[in-house]
Amino acid sequence: MKPAVRRHFQLSHMRFFLRRAIVVLIALAAPLLHAQQLPTPDQAKRLLETRPDLVAQLRREIAASGLTADQIRARLRAAGYPEDLLDAYVGPNRAGRDTIKTGVASEDVLDAVAALGIADTADTSELRQILRSRRDVTARDTLRSRRANAMRADSTGDSLNVSFLDSLGRRRADSMNVRRRRITADSGFTIFGLSVFDGATTQFDANLAGPVDASYRLGAGDRIVLILTGDAERTFTLDVTREGFVVIPGIGEVPVANLTLGQLQDLLYPRLARVYSGLRKGAGATTHFSLNIARLHTNQVFVLGDVIQPGSYRVSSAGTALSALYAAGGPNQNGGMRGVEIKRGGRIVDSLDLYDYLLRADGSHDPRLQSGDVVFVSVHGARVRVVGEVVRPATYELKRGETLADLLRVAGGFTAEAARRRVQVSRILPPTLRDTTDRARVVIDIASAQFANGSGPAYPLEPGDVVRVFAVSERVGRSIAVRGNVWTPGTFGFTTGMHLSDAVRLAGGIKPDAYLGQVLVSRLRGTDSSRVQLHSAFADSSGRVIDDLLLRDDDDIRIFAVSEFKTVQYVAITGAVRRPGRIPFRDGMTLRDVVLLAGGLEERAFLGEAEIARLPATRDGGRLAVTHRVPLDSSYLFVRDQNRLALPAASRSMLNADVPLVPFDNVLILAQPDWESSRRVTVTGEVRFPGTYTLTNKQDHLSAVLARAGGLTQTANPDGIVFYRHKSRLGRVGVDLARVLRDTSFRDNLILQDGDSIHLPPFNGIVEVQGAVNAPRGVAFVPGEDLNYYVHAAGGPSKLAELSRSYVTQPDGSVESIIERTLRPDVIPVPRPGAVVVVTERDLSDRVDSVARIGVIAQMLGGLVALVALLRR
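A look at the overall build of the chain
Then, in step 1: The secondary structure content of the chain amounts to 17 helices and 37 strands.
Then, in step 2: Buried residues in the chain amount to 39% of all 873 residues.
Then, in step 3: Taking all contacts inside the chain whose residues are at least 6 apart in sequence as the whole, residues at least 24 apart take part in 59%.
Then, in step 4: When the accessible surface of the chain is split by element, carbon and sulfur atoms take 53% of a total near 48500 Å².

Here's what the structure looks like:
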């Protein structure tokens, strides 16, 4: 849809649904108002307050409008109503905006709007067209869904699962819409021809502006252009009136209704010759005329029967039965395609076989329609499904007397992979031919020499038959396979008299590392399809065969490589190297080679020595490895020189002293003792020099870093220090910084770790009270006051408060709780400036559990009393 058209539709849609809501008010306020009078704002408000049925209906109407709350308010304001009149009936959508879901109105509402004078005829006619187009699309989609469901049900009911291809097709049909997509598998469930009418296309639209041929039949609404040339040069534009005539200046009225263009031309010769003497047929004429159609009239036709949307349609006067059929959406799943009837005046004037048009482009039976014509699609005839190796697997409709040969022809014939020896037909027997075992389905194999020529026999088919065309066997004949250690392994053509040496030569010969001791030839037995193993060998690396076997069709030759029997050798390197791991072993490999292949040493590598763990000569006593240390030096520190790896010049003379390795050695590059990358801590807030500081040693304390940061500012609050330890995921750590600053030997003078963060906030004279209090808030700090003071300053504890479990989070992160003592006063925490007081809530589950326990105890006591009473009797 174009943007301008879409905007026009949206505006019309908005106007319509606002008017529809007002129509509801008018209809229910009929006793108070005249038929054409809108309710006043007070009357509308009173109706909404006193009529719940009106409110429910209005909610439904607004919910179907698709208007946002702002759009509804603007329309109400423009109509003189309070803009908040309908606010109570507008709900938010998923995105949180006030909006309404879009709906589609019915034509009876449009009639009501027009009758009340709220909407003009242009608005209602435009909306009627939109509603009808939506209804057409909805009907088409619904019918497509029904087709797919019916076809899926057909696939479920077909129990003749005699081929893998058919079962694959049924599974595909269950998972996709067969009307919208081309089924790649040969299921055959697609009804041939229906896809032509899917989607929007102009392939059946008639030519609306001419030109037309001489057989075109004129009617009211046509515009004819009469052109005179020669002695007289004139042009006349002639409109065919409703009465069926045209008026030619100087000639008068000429009746043209139901005349063809050729007939009108013959009629005008004598009429025009009376005025233009040089106009005549044949040679010698000095004046000529021609007729052209500048505008075609439309015909009202009816498309009925089993089509997607039966009804009345206006089509171009040049339109044919196909044009009308496409306008109606085409045949539905029950519609026939082999005999579409065109009726005129109650009798059949032609019958259109859609297969003629689709398969042979034959439109000879697709006549032009006239007003009042009826295009009728009857129920389909016998349908047969063809699957397998045909060009167009589908479900086809057959005419009476058509056979298997006709079916194969309309299906496009066989594919190149078709076996062409036999065709199988799965059939549902008629009730009269079923036996007492109630076996209603049979399988019929049809063999014919005509299949080889691409056609088939005239075998009669029945409704519901499933014709299966099988593919050729996957087995490849007259071939041999050469696999393994040759230069071009693969499949090769077999010829009679071929030997093993010939096959090796076709495969490019053997590689230098080929195993010469044995060649395996696997041969297929013809008796039971098992295989027998034959053996041969090579005399030398040239590939000369010692026992040159005579090959047979389908032999499989396997040539081995010596490397296949060797264990993959490697050395491993770990520790302070850039890329530790396993490295393939090569003869002559040294420790320096392995370090190079591992990306070189890391900065933390210890250059004194390395450890090599080597497999022991014997495994006595459960020994797994023997370790020994080898020297390292600065020559193992590689530097980059002109984009290549090189050794420092002073170290190149030491290469001769390198350490050789053997397979499966494990090299460990040691790390320097106490080597560690730099540690950093972050200091922010009220210090003189905030920033990220690098620790000078592993014993740096909190006080030392704060001293390097210039100490605290005058506005800093040491009690409010926020100390976080991220590396060990401890979170915030409580620190008594004031005491640390007085005594650096105090336990809270922590040794810092990498990633620690320290924040010094400014002084905060507020104590925050949270939890189960009546008015949670901040309370000004009062020196010396304890937790109880701040709880009462926040409105006191609530009904659910459990004051004995309350606690205080001091500004330095430490947590203090109430300590209850038996013979001495309880210890009540005293909050400091910036502290947080938390009053916990009572756990109601304990109370419920207590009540349940009391109930259980009461039941037990009742049972004991009853038992005692019984024993006393």
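The structure having been displayed, the exposition proceeds.
Some points on the pairing of strand 19 (residues 531–536)
Then, in step 1: Where strand 18 (residues 514–524) and strand 19 come together, six bridges link them in antiparallel fashion. Within strand 19, the position partnered with Arg523 by the bridge is Val532.
Then, in step 2: Adjacent in sequence and paired antiparallel, strand 18 and strand 19 are bridged by six residues, among which Ser529 carries a positive phi angle near 65°.

A short note on the side chain of Asn749
Then, in step 1: Within the fold, Asn749 resides in the loop between helix 15 (737–742) and strand 32 (757–760).
Then, in step 2: If near-sequence neighbours (up to four positions away) are discounted, Asn749 is found in contact with His701, Leu702, Ser703, Val740 and Thr744.

Section: the packing of aromatic side chains
Then, in step 1: Scanning the model with the defined rule gives 10 aromatic pairs in all.
Then, in step 2: Geometrically, the ring pair formed by Tyr269 and Phe289 is edge-to-face, given 4.9 Å between the ring centres and 65° between the ring planes. One end of the pair, Tyr269, is in helix 8 (residues 261–273); the other, Phe289, is in strand 5 (residues 287–295), with 20 residues separating them in the sequence. For the residue pair Tyr269 and Phe289, the accessibility class agrees, reading buried in each case.
Then, in step 3: Each residue in the set Phe192, Tyr355 and Tyr396 is aromatic and connected to the rest through ring pairs, giving one cluster.
Then, in step 4: When the ring centre of Tyr570 is taken as origin, the NZ or CZ atom of Arg582, which lies over that ring, is 4.0 Å away.

Quick look at the nonpolar core
Then, in step 1: The biggest cluster of nonpolar side chains holds 44 residues, and the ones touching the most others in it are Val303, Leu354, Tyr396, Leu404, Leu407 and Val467.
Then, in step 2: Ranked by residues supplied to this core, first place goes to helix 9 (residues 321–327) with five residues.
Then, in step 3: What Leu407 contacts, discounting residues up to four positions off in sequence, is Val384, Val386, Tyr396, Leu398, Leu461 and Val467.

Observations regarding helix 8
Then, in step 1: Counted at 1.5 Å a residue, the expected span for helix 8 with its 13 residues is 18 Å, and the 18 Å between its end C-alpha atoms agrees.
Then, in step 2: Taken as a whole, helix 8 carries its principal kink of about 25° at Leu267; the proline Pro270 stands between one and four residues after it.
Then, in step 3: Turning to helix 8, its buried residues number three or more, namely Leu261, Gly262, Leu264, Leu268, Tyr269, Arg271 and Leu272.
Then, in step 4: Elements in contact with the buried residues of helix 8: strand 1 (223–230), strand 3 (245–248), strand 4 (252–255) and strand 5.

Considering the sheet that holds strand 10 (residues 374–377)
Then, in step 1: Taken in spatial order, the five strands of this open sheet run 7-6-10-8-9, and their pairing is mixed. The open sheet is flanked by strand 7 (311–316) and strand 9 (347–352), the only strands paired with a single partner. Averaged over all pairs of adjacent strands, the angle between strand axes in this sheet comes to 30°, irrespective of strand direction.
Then, in step 2: Here strand 8 (residues 340–344) pairs with strand 10 via three bridges, running antiparallel. Paired with Ile342 across the bridge in strand 10 is Val375.

Considerations on the environment of Glu609
Then, in step 1: Examined against the element boundaries, Glu609 turns out to sit in strand 23 (residues 605–614).
Then, in step 2: Setting aside residues no more than four positions away along its own chain, Glu609 makes contact with Arg629, Val630, Pro631, Leu632 and Leu670.
Then, in step 3: A polar side-chain atom of Glu609 sits 2.8 Å from a polar atom in the side chain of Arg629.

With respect to the sheet that holds strand 11 (residues 382–388)
Then, in step 1: If you trace the five strands from one edge of the open sheet to the other, you get 12-11-15-13-14, paired in mixed fashion. What marks the edges here is a single partner per strand, and that holds for strand 12 (394–398) and strand 14 (441–447). Along the sheet, successive strands turn relative to each other by an average axial angle of 25°, direction set aside.

Section: the pattern of salt bridges
Then, in step 1: In this structure the tally under the stated criterion is 32 salt bridges.
Then, in step 2: Salt-bridge contacts for Asp353 lead to Arg338; the nearest nitrogen and oxygen are separated by 2.9 Å. You can see Asp353 sitting in the loop between strand 9 and helix 10 (354–360) and its partner Arg338 sitting in the loop between helix 9 and strand 8, a full 15 residues away along the chain.
Then, in step 3: Since its relative accessible area comes to 5%, Asp353 is described here as buried.
Then, in step 4: Arg338 gets classed as buried once you look at its relative accessible area, which sits at 10%.
Then, in step 5: As a salt-bridge pair, Arg523 and Asp555 come within 2.9 Å of each other at their nearest N and O atoms. Highlighted residues: Arg523 in strand 18 and Asp555 in the loop between strand 19 and strand 20 (556–561), separated in sequence by 32 residues. Residues Arg523 and Asp555 agree in their burial class; the two are buried.
Then, in step 6: Overlapping salt bridges, with partners in common, bring together Arg338, Asp353, Lys399 and Glu402 in one network.

Comments concerning a nonpolar patch on the surface
Then, in step 1: A cluster of nonpolar side chains, namely Ile857, Leu861, Leu864, Leu867 and Leu871, defines an oily patch on the protein surface of about 520 Å² accessible area.
Then, in step 2: With respect to the element layout, Leu867 can be found in helix 17 (residues 844–872).
Then, in step 3: Accessibility expressed as a relative area gives 46% for Leu867, which makes it partly exposed.

With respect to the side chain of Asp658
Then, in step 1: With respect to the secondary-structure elements, Asp658 resides in the loop between strand 26 (645–646) and strand 27 (666–671).
Then, in step 2: Here the side chain of Asp658 touches Arg592 through a polar contact of 3.4 Å, side chain to side chain.
Then, in step 3: Among all residues touching Asp658, those that are not within four sequence positions of it are Thr590, Leu591, Arg592 and Tyr636.

Observations regarding the confidence of the model for the chain
Then, in step 1: Of the residues in the chain, 74% reach a pLDDT of 70 or more, and the chain-wide mean stands at 80.
Then, in step 2: Here residues 640–656 is modelled with pLDDT under 50, and outside its nearest four sequence neighbours on either side it reaches 19 contacts, counting other chains as well.

Quick notes on the environment of Pro463
Then, in step 1: Positionally, Pro463 belongs in the loop between strand 14 and strand 15 (466–471).
Then, in step 2: We classify Pro463 as exposed; its relative accessible area is 53%.
Then, in step 3: Spatially, the C-alpha atoms of Pro463 and Arg385 are 9.3 Å apart, while their sequence positions differ by 78 residues.
Then, in step 4: Residues contacting Pro463, with those up to four places away along its chain left out, are Ala382 and Arg383.

Thresholds, definitions, all that
- Residues numbered from 1 in each chain as written.
- Predicted model: local features only at pLDDT ≥ 70, side-chain atom pairs only at ≥ 80, totals over all residues.
- Heavy atoms only, no water.
- Helix = DSSP H or I, 4+ residues; strand = E, 2+ residues; numbered from the N terminus.
- Buried < 20%, exposed > 50% of the residue type's maximum accessible area, 1.4 Å probe, protein only.
- Contact = heavy atoms within 4.5 Å.
- Areas by Shrake-Rupley, 256 points an atom, 1.4 Å probe, with all protein chains shown as cover.
- Pairing = 2+ DSSP bridges.
- Phe/Tyr/Trp six-rings, centres within 6.5 Å; stacked < 30°, edge-to-face > 60°.
- Lys NZ or Arg CZ within 6 Å of the ring centre and 35° of its normal.
- Core = buried A, V, L, I, M, F, W, Y, C linked by side-chain atoms within 4.5 Å.
- Expected span 1.5 Å × (residues − 1).
- Bend = angle between axes of the 7 residues up to and from the residue.
- Axes fitted to C-alpha atoms, helices over the stretch in contact; angles between N-to-C directions.
- Polar contact = N/O pair within 3.5 Å; in protein donor to acceptor, adjacent residues only side chain to side chain.
- Salt bridge = Lys/Arg side-chain N within 4 Å of Asp/Glu carboxyl O.
- Patch = residues over 30% accessible without salt bridge, like charges linked within 9 Å, V, L, I, M, F, W, Y side chains within 5 Å.
- pLDDT = per-residue confidence, 0-100.

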